[in-house]
Amino acid sequence: LVRATSVTLAGVIDDYFKIRPIKSETGYRSVLKVCFSDWLDRPIRSITRCAVEQRYRKLAFRDGHKAQAVKAMRYLSAVFNFAKAERIEGQALLTDNPVDVLRDKQVDRTVKPRTQHIPKDRLGKVIQAILSECAETARDLLLFELLTGLRDSEAKHLRWSNVDFGSQLIT
C-alpha cells in the first residue's frame, strides 16, 4: 500500500504521462530531469514553495538560463496540478501547488523573444564566410549555433548529458 507521504516526484511524473500522454513527453521529461534531477526521488510533499523559488532564481538568474527555467517551472507546475487531483487512501496527495509562489510573489518570468536574424538572401554568404574564414573549432561552433538556433552561451555551456542522440534532442 502506497502512502501519500512516500510518493516521489518521479512517481507523479510517470503517472502524469500515463494519464496524459503527449507527443512531446521526451522533451518534458528531459527538461524535468535536467532541472530537477536531485528532486526526482524526493517525496513530492517535501518540495516546498521556498525550494521552488530558490531553484527558479538559481536557474534563471544565477545560471543565466531564464528561458529554460520558465519552461521547467511551467512543466513542474503541470505535474503538481496533476498531483493535487490525486487521492491516496482517501486523502489528497497535495493541497497546493508550490510553483504558485512564483505567481504569488510576481517573480519575473518573462522571456523576450529573439529579434535578430540573418536575412534569408544573405544566409548562403554567411555560411560560405564561416566555412572559408573560421578556424575549425569556431566554424563548428558557429554552424552548430546557426543550425540549432542556440545562443552562444547556451552552445558553449552545453554538456554531453544534455544531448540525447537517440531522441535527437538537445536540452
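See the structure above.
Residues numbered from 1 in each chain as written. Predicted model: local features only at pLDDT ≥ 70, side-chain atom pairs only at ≥ 80, totals over all residues. Heavy atoms only, no water.

Draft legend 1. Molecular detail of the side chain of arginine 55. Looking at where arginine 55 falls in the secondary structure, it is placed in helix H3 (residues 49-62). Not counting residues within four places of it along the chain, the set of residues in contact with arginine 55 comprises Cys35, Phe36, Asp38, Trp39 and Met73. (Helix = DSSP H or I, 4+ residues; strand = E, 2+ residues; numbered from the N terminus. Contact = heavy atoms within 4.5 Å.)

Draft legend 2. Looking closely at unusual backbone geometry. In the Ramachandran plot, glutamine 106 falls in the positive-phi region, its phi being about 55 degrees despite a non-glycine side chain. With respect to the helices, strands and loops of the structure, glutamine 106 is situated in the loop between helix H5 (100-104) and helix H6 (123-133). Under the relative-accessibility criterion, glutamine 106 is labelled exposed at 71%. Positive phi outside glycine occurs at glutamine 168, with the angle close to 55 degrees. Along the chain, glutamine 168 falls in the loop between strand E3 (163-164) and strand E4 (169-170). Assessed through its relative accessible area of 76%, glutamine 168 is described here as exposed. (Buried < 20%, exposed > 50% of the residue type's maximum accessible area, 1.4 Å probe, protein only.)

Draft legend 3. Representation of helix H4 (residues 66-85) in the model. For H4, with 20 residues, the first-to-last C-alpha span of 29 Å sits near the 28 Å given by 1.5 Å per residue. When we look at burial in H4, the residues that qualify are Lys66, Ala69, Val70, Ala72, Met73, Tyr75, Leu76, Ser77, Val79, Phe80, Phe82 and Ala83. Against helix H1 (9-19), helix H2 (25-36), H3 and H5 lie the buried residues of H4. (Expected span 1.5 Å × (residues − 1).)

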